[in-house]
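# Coordinates in review
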Amino acid sequence: MPESISISFPHLGIALENLKNSFSVFGIDVAYYGLIIGIGMLTAMMLAFHDARVSGQKVDDYLDLALFGIIFGIAGARIYYVIFEWDYYKNNLDEIFNLRKGGLAIYGGIITGVIVCIILAKIKKLSLWKMTDTGAIGLITGQMIGRWGNFFNREAYGGDTDSLFAMRININDPNVSVIVQDNVTVINDSYIQVHPTFLYESFWCLCILILIQLFKRKKKFEGEVFLWYITAYAFGRFFIEGLRKDQLLIGNTKIAVSQLLSAVLFVLGITLIFANRIRISRNLKPVLVGKAVTEKNAGYFSKELWKTVKFAEHAHKNQKWKLSDGTDISYFQGHLMGVYHILQKENVADMEMLETALLHDILEDTCTQYEELEKRFGKQVAENVRWLTRTKEISYEAYIDALILNGSDVALIVKLADRLHNITNLMNLGSEEWHLKKTGQAKYMIEKISQHEVMERYAELKNRLLEQISSEVHRLQEMGEAVRE
């Protein structure tokens with residue numbers, strides 16, 4: 001093998017010359033391994049953030065997950081690797097913190113990432129399993145890209161082979177120090193010809209990512225996408241690990257820890273998937289995972305709703321919404337999405353209702369005109385939004401009376417969800433006078449709408465929303481009494 005050839009795939013006619021594992025920027029060496037890991041992380045964040053948006057979640061929550069997950073994930077991946085290579089590191093302690101040569105175990109990163117997700121979901125009071133579903137998309141993407149760091153380091157390869165994808169590595173390459181694993185044949189004192197297991201795993205991760213993106217809307221319970229990911233990855237990793245010659249072994253045994261863990265995760269994952277799908281088909285609650293969902297209420301926007309989301313988000317650009325703790329976020333995420341979620345979880349919520357929820361404040365708070373709404377979303381949605389728009393010239397009471405008299409049942413239900421979201425999230429803000437004003441408005445709405453009949457399919461939802469608003473009014477009144485005392 002010519003010295004100038006660093007890596008080749010002889011059966012594919014590919015040869016790479018003078019392939020270094022780092023490059024220099026202003027005299028500072030930058031390892032391709034670290035660069036590729038970084039690219040993998042950024043791409044993973046982009047896909048996870050996109051999934052959060054199209055499933056109606058807050059991207060900021062996943063930014064927090066990414067920041068803490070990456071920091072502790074790298075630490076976990078390194079600790080995992082060092083533990084199973086302790087015979088080497090106990091005599092080379094200074095090497096523990098040297099990541100430039102590789103040495104990150106994916107399973108260690110996954111385990112730590114899940115722990116971070118559990119803690120974050122607890123602190124933010126979010127659905128853990130819904131977060132793991134979105135996080136899985138980021139994880140598999142990062143793994144898919146990150147494996148190419150092993151390519152530049154000439155590591156994580158398998159045993160001897162003459163298969164179609166056989167990879168030759170020049171062991172005398174002056175650009176990088178190649179470590180020849182045990183039981184790998186050196187040919188002509190020049191090169192090794194081995195399985196490119198990094199390539200197999202990267203391709204397997206790509207297949208998993210594609211399947212997840214195609215079928216994620218078909219999940220039957222929160223957490224199922226994460227189980228798809230961990231089960232499929234474990235299945236492939238079990239066989240790929242069997243080809244590798246740099247396995248992390250358990251103590252002095254010949255058992256590869258990643259193969260053992262993969263087998264356990266595969267059995268656990270496949271059991272949870274099928275057991276919970278069977279339970280849901282029998283109208284039983286799923287166990288050890290999140291709540292049951294259907295394609296309608298799984299949280300993902302349809303193409304039509306996604307267009308509505310983008311339109312409303314752009315229209316309300318730069319507008320802020322104050323959370324109950326006093327912090328500001330975008331008005332779209334803080335309020336419009338809050339109202340949307342109240343209705344989205346209800347199986348009776350249809351496209352007209354959800355579009356109306358996302359657009360209900362747009363004529364009042366933005367420069368959008370009625371004609372544009374009618375052109376984009378149809379006359380019925382535009383009419384709903386028009387009757388949900390209160391002008392400053394009329395009192396709140398007159399506005400509610402007009403809505404009941406002229407508005408559709410859909411508009412009325414959206415208004416109830418809007419009031420519930422307002423009173424729930426703003427109850428800790430404002431003065432006593434403000435509280436009295438809001439409770440007075442809510443009481444008037446409860447009294448008037450309670451007496452108004454809606455079509456049968458919305459009647460139960462109307463009553464549930466009224467009960468929740470009444471409960472929040474009671475809490476506001478108690479707060480007011482506590483302040484006065």
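As a starting point, this report considers the structure included with it. (Residues numbered from 1 in each chain as written. Predicted model: local features only at pLDDT ≥ 70, side-chain atom pairs only at ≥ 80, totals over all residues. Heavy atoms only, no water.)

A cluster of nonpolar side chains, namely Phe 203, Leu 206, Ile 210, Leu 211, Leu 214 and Phe 215, defines an oily patch on the protein surface of about 600 Å² accessible area. Assignment of secondary structure puts Leu 214 in helix H7 (residues 197–215). Exposure remark for Leu 214: the relative accessible area of 59% places this residue in the exposed category. (Patch = residues over 30% accessible without salt bridge, like charges linked within 9 Å, V, L, I, M, F, W, Y side chains within 5 Å. Areas by Shrake-Rupley, 256 points an atom, 1.4 Å probe, with all protein chains shown as cover. Salt bridge = Lys/Arg side-chain N within 4 Å of Asp/Glu carboxyl O. Helix = DSSP H or I, 4+ residues; strand = E, 2+ residues; numbered from the N terminus. Buried < 20%, exposed > 50% of the residue type's maximum accessible area, 1.4 Å probe, protein only.)

Here we have 5 strands laid out as an open sheet, ordered S2-S1-S5-S7-S6, and antiparallel in their pairing. Of all the strands in the sheet, the pair left with one neighbour each is strand S2 (14–17) and strand S6 (186–187). Sheet topology note: the strand S5 (residues 167–170)/strand S7 (residues 191–194) ladder contains 4 bridges and is antiparallel. Bridge pairing links Met 167 to Val 194 in S7. (Pairing = 2+ DSSP bridges.)

This next bit is on helix H12 (residues 351–359). In terms of burial, H12 is a largely internal element, 7 of the 9 residues being buried. Of all the positions in H12, only Met 353, Leu 354, Glu 355, Thr 356, Ala 357, Leu 358 and Leu 359 are classed as buried.

A few words on the packing of aromatic side chains. The tally for this structure, following the rule as stated, stands at 19 aromatic pairs. Here Trp 148 and Phe 198 contribute two aromatic rings whose centre-to-centre distance is 4.9 Å and whose plane-to-plane angle is 80°, an arrangement assigned as edge-to-face. Separated by 50 residues along the polypeptide, Trp 148 in helix H6 (residues 148–153) and Phe 198 in helix H7 bring together distant segments of the chain. By relative accessible area, Phe 198 is classed as buried at 2%. Every member of this aromatic cluster is reached through a ring pair, and the members are Phe 23, Tyr 32, Trp 148, Phe 151, Phe 152 and Phe 198. (Phe/Tyr/Trp six-rings, centres within 6.5 Å; stacked < 30°, edge-to-face > 60°.)

What follows deals with the layout of surface pockets. When its volume is computed, the second largest pocket comes out at roughly 1,500 Å³. For the second largest pocket, the lining is made up of 45 residues, of which Lys 58, Asp 61, Lys 125, Leu 126 and His 341 are closest to its centre. Put simply, the parts of the chain that give the lining of the second largest pocket at least two residues each are helix H2 (59–84), helix H4 (106–124), helix H5 (128–146), strand S9 (328–330), helix H11 (331–344), helix H17 (409–425) and helix H19 (456–484). Considering every element that reaches the lining of the second largest pocket, the biggest residue donor is H11, with 7 residues. Per-class residue counts for the lining of the second largest pocket are 14 nonpolar, 19 polar and 12 charged. (1 Å grid on protein atoms, 1.4 Å probe; cavity = no way out; pocket = protein on both sides within 12 Å on 5 of 7 lines; lining within 4 Å. Points joined across faces, edges and corners; volume = space filled by probe spheres on them. Nonpolar A, V, L, I, M, F, W, Y, C, P; charged D, E, K, R; others polar.)

Looking now at unusual backbone geometry. The phi angle at Ala 156 is positive, at roughly 55°, despite the residue not being glycine. For Ala 156, the location among the structural elements is in the loop between H6 and S5. Residue classification places Ala 156 among the buried positions, given a relative accessible area of 5%.

Within this structure, the stated rule accounts for 18 salt bridges. Of the charged contacts in the structure, one is a salt bridge between Glu 346 and Arg 464, with a shortest N-O distance of 2.3 Å. Placement of the pair is Glu 346 in the loop between H11 and H12 and Arg 464 in helix H19, with a sequence separation of 118 residues. Residue class for Glu 346 comes out buried when judged on its relative accessible area of 13%. What you see here is one network of salt bridges that share partners, running through Arg 147, Glu 201, Arg 237, Glu 241, Arg 244 and Asp 246.

To continue, consider the pairing of S5. Taken together, the 2 bridges between strand S1 (residues 5–9) and S5 define a ladder with antiparallel strand orientation. The residue bridging Ile 7 from the neighbouring strand is Ile 169, located in S5.

In this section: the packing of helix H1 (residues 32–54) against H5. Viewed as axis vectors pointing N to C, H1 and H5 meet at an angle of 155°, and their least axial separation amounts to 8 Å. Between H1 and H5, the interaxial angle falls into the category roughly antiparallel. Crossing of H1 over H5 shows right-handed handedness. Counting all contacts with H1, which are made through Ile 36, Ile 37, Ile 39, Gly 40, Thr 43, Ala 44, Leu 47, Ala 48, Asp 51 and Ala 52, the residues of H5 involved are Thr 134, Ile 137, Gly 138, Thr 141, Gly 142, Ile 145 and Gly 146. (Axes fitted to C-alpha atoms, helices over the stretch in contact; angles between N-to-C directions. Parallel < 35°, antiparallel > 145°, perpendicular 65-115°, else oblique. Left-handed = near helix turned anticlockwise from the far one by under 90°. Contact = heavy atoms within 4.5 Å.)

For Asp 133, the location among the structural elements is in helix H5. Accessibility expressed as a relative area gives 1% for Asp 133, which makes it buried. With residues near it in sequence (within four places) discarded, Asp 133 still touches Lys 219, Phe 221, Glu 222, Gly 223, Glu 224, Val 225 and Phe 226.

Below, the discussion takes up the side chain of Gln 57. Within the secondary structure layout, Gln 57 lies in the loop between H1 and H2. On the accessibility criterion, Gln 57 (12% relative accessible area) is buried. A distance of 3.0 Å separates polar atoms of two side chains, one belonging to Gln 57 and the other to Thr 134. Beyond its immediate sequence surroundings of up to four residues, Gln 57 is in contact with Ala 52, Tyr 62, Lys 130, Thr 134 and Gln 333. (Polar contact = N/O pair within 3.5 Å; in protein donor to acceptor, adjacent residues only side chain to side chain.)

Bringing the nonpolar core into the picture now. Grouped together as the largest cluster of nonpolar side chains are 61 residues, with contacts concentrated most on Leu 343, Met 353, Leu 359 and Leu 373. Per element, the largest residue contribution to this core is 9 residues, and it comes from H17. Setting aside residues up to four positions removed in sequence, Leu 343 forms contacts with Ala 349, Met 353, Leu 354, Ala 357, Ile 413, Val 414, Ala 417 and Leu 461. In this structure, Ile 110, Ile 169, Cys 205 and Phe 221 belong to the second largest nonpolar core, which totals 45 residues. (Core = buried A, V, L, I, M, F, W, Y, C linked by side-chain atoms within 4.5 Å.)

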